[in-house]
Amino acid sequence: MLPRYKRILLKLSGESLSNSNSGFDPLDPKIIEQYAKDIKQVTEMGVQVAIVIGGGNIYRGMNEAESGIERAQGDYMGMLATVINGMALQSGLEKAGVNTRLQSAIKMEQIAEPYIRRRAIRHLEKGRVVIFGAGTGNPYFTTDTAAALRANELEVDVILKGISVDGIYTADPRKVPHARKLNK
Ligand code: UDP
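Since we're looking at a predicted model, the values are computed, not measured.

Quick notes on the layout of surface pockets
Okay, so step 1: Reported here for the largest pocket is a volume of approximately 850 Å³.
Okay, so step 2: Lining the largest pocket are 35 residues, with Lys11, Gly56, Arg60, Thr142 and Thr143 positioned closest to its centre.
Okay, so step 3: It is helix α3 (residues 71-95) that contributes the most residues to the lining of the largest pocket, 5 residues altogether.
Okay, so step 4: When the residues that make up the lining of the largest pocket are grouped by side-chain class, the tally is 10 nonpolar, 15 polar and 10 charged.

In structure tokens, the structure reads:
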């Protein structure tokens, strides 16, 4: 059976890699192993997989009044956090036997390729999973914006999102007890 999509972009939030049940465990090896297995299965169907990874399990930029850290500085810290997650996911995938490349929107050539659109497409065509770290490379954005941006640049068929909340709510259900889940 032919897969429904040829090229997909998977947005994984940082929190989706962490285990909130066991204290502060930002990167749960079991969760990463499971993701790696699932992603492997998808690639074996012939689907090209691009992944934009979040960083909220490690650091999220916030306003200066809350953190004491200038907004742009904090945002760069958040972008670095996404690269840490990208490296962890890359390790998990390679362990599962999946070929990967990590591309970063902020240059750090010892650990990741720089983001080059045409090169990313070439990797995808060769069946490599490409993980995009450092979001858009710009403060005042989030990795959801990066996902939408890369999805357009790479002309993917669909954006899929892995988060710790099971749908779309009127507000964050972890913070607002009366948040209502919206049905399709
Ligand atoms: N970030 C940014 N520019 C980007 C992507 C991310 O400044 O293009 C920073 C921002 O501070 C954000 C943090 O990186 O809070 C982590 O990303 P995000 O909150 O999107 O991660 P997720 O919620 O998906 O884990």
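A short note on the sheet that holds strand β4 (residues 113-114)
Okay, so step 1: One open sheet accounts for 6 strands, arranged β4-β3-β5-β2-β1-β6; its pairing is parallel. Each end of this open sheet is capped by a strand with a single partner; those strands are β4 and β6 (158-162).
Okay, so step 2: Here strand β3 (residues 100-104) runs beside strand β5 (residues 129-133); their pairing, made up of 5 bridges, is parallel. Looking across to β5, one finds that Gln103 is bridged to Phe132.
Okay, so step 3: Against the sheet, helix α1 (residues 29-44) engages β1 (7-12), β2 (48-53) and β5, with an angle of about 150 degrees to β2.

Topic: the environment of Val47
Okay, so step 1: Residue placement: Val47 occurs in the loop between α1 and β2.
Okay, so step 2: Owing to a relative accessible area of 8%, Val47 belongs among the buried residues under this scheme.
Okay, so step 3: Counting along the chain gives 44 residues from Val47 to Pro3, while the straight-line C-alpha distance between them is 7.0 Å.
Okay, so step 4: With residues up to four places along the chain from it excluded, the contact list for Val47 reads Pro3, Tyr5, Lys6, Ile8 and Val42.

Looking at the site of the ligand
Okay, so step 1: Lining the immediate environment of the ligand, one finds 20 residues, of which Arg60, Asp75, Thr136, Asn138 and Thr143 sit closest.
Okay, so step 2: Arg60 places a polar side-chain atom, nitrogen or oxygen, 2.6 Å from an oxygen atom of the ligand.
Okay, so step 3: The backbone of Phe141 places a nitrogen or oxygen atom 3.2 Å from a nitrogen atom of the ligand.
Okay, so step 4: Considered on its own, the ligand offers 520 Å² of accessible surface; in the complex 93% of this is hidden by protein.
Okay, so step 5: When atom positions are compared with the pocket grids, the ligand is found to occupy the largest pocket.
Okay, so step 6: A per-element tally of the shell around the ligand places α3 first, with 3 residues.
Okay, so step 7: By residue class, the composition of the shell around the ligand is 5 nonpolar, 12 polar and 3 charged.

Focus: unusual backbone geometry
Okay, so step 1: One non-glycine residue, Ala134, lies in positive phi territory at about 70 degrees.
Okay, so step 2: Here Ala134 lies in the loop between β5 and α5 (143-153).
Okay, so step 3: Overall, the relative accessible area of 0% leaves Ala134 in the buried class.
Okay, so step 4: You will see that Glu155, though not glycine, has its phi angle at about 50 degrees, which is positive.
Okay, so step 5: The topology assignment puts Glu155 in the loop between α5 and β6.
Okay, so step 6: Among the residues examined, Glu155 registers a relative accessible area of 61% and is labelled exposed.

Reading the values: the criteria
Residues numbered from 1 in each chain as written. Predicted model: local features only at pLDDT ≥ 70, side-chain atom pairs only at ≥ 80, totals over all residues. Heavy atoms only, no water. 1 Å grid on protein atoms, 1.4 Å probe; cavity = no way out; pocket = protein on both sides within 12 Å on 5 of 7 lines; lining within 4 Å. Points joined across faces, edges and corners; volume = space filled by probe spheres on them. Helix = DSSP H or I, 4+ residues; strand = E, 2+ residues; numbered from the N terminus. Nonpolar A, V, L, I, M, F, W, Y, C, P; charged D, E, K, R; others polar. Pairing = 2+ DSSP bridges. Contact = heavy atoms within 4.5 Å. Axes fitted to C-alpha atoms, helices over the stretch in contact; angles between N-to-C directions. Buried < 20%, exposed > 50% of the residue type's maximum accessible area, 1.4 Å probe, protein only. Near = heavy atom within 4 Å. Polar contact = N/O pair within 3.5 Å; in protein donor to acceptor, adjacent residues only side chain to side chain. Areas by Shrake-Rupley, 256 points an atom, 1.4 Å probe, with all protein chains shown as cover. Sits in = over half its atoms within 2 Å of the grid points.

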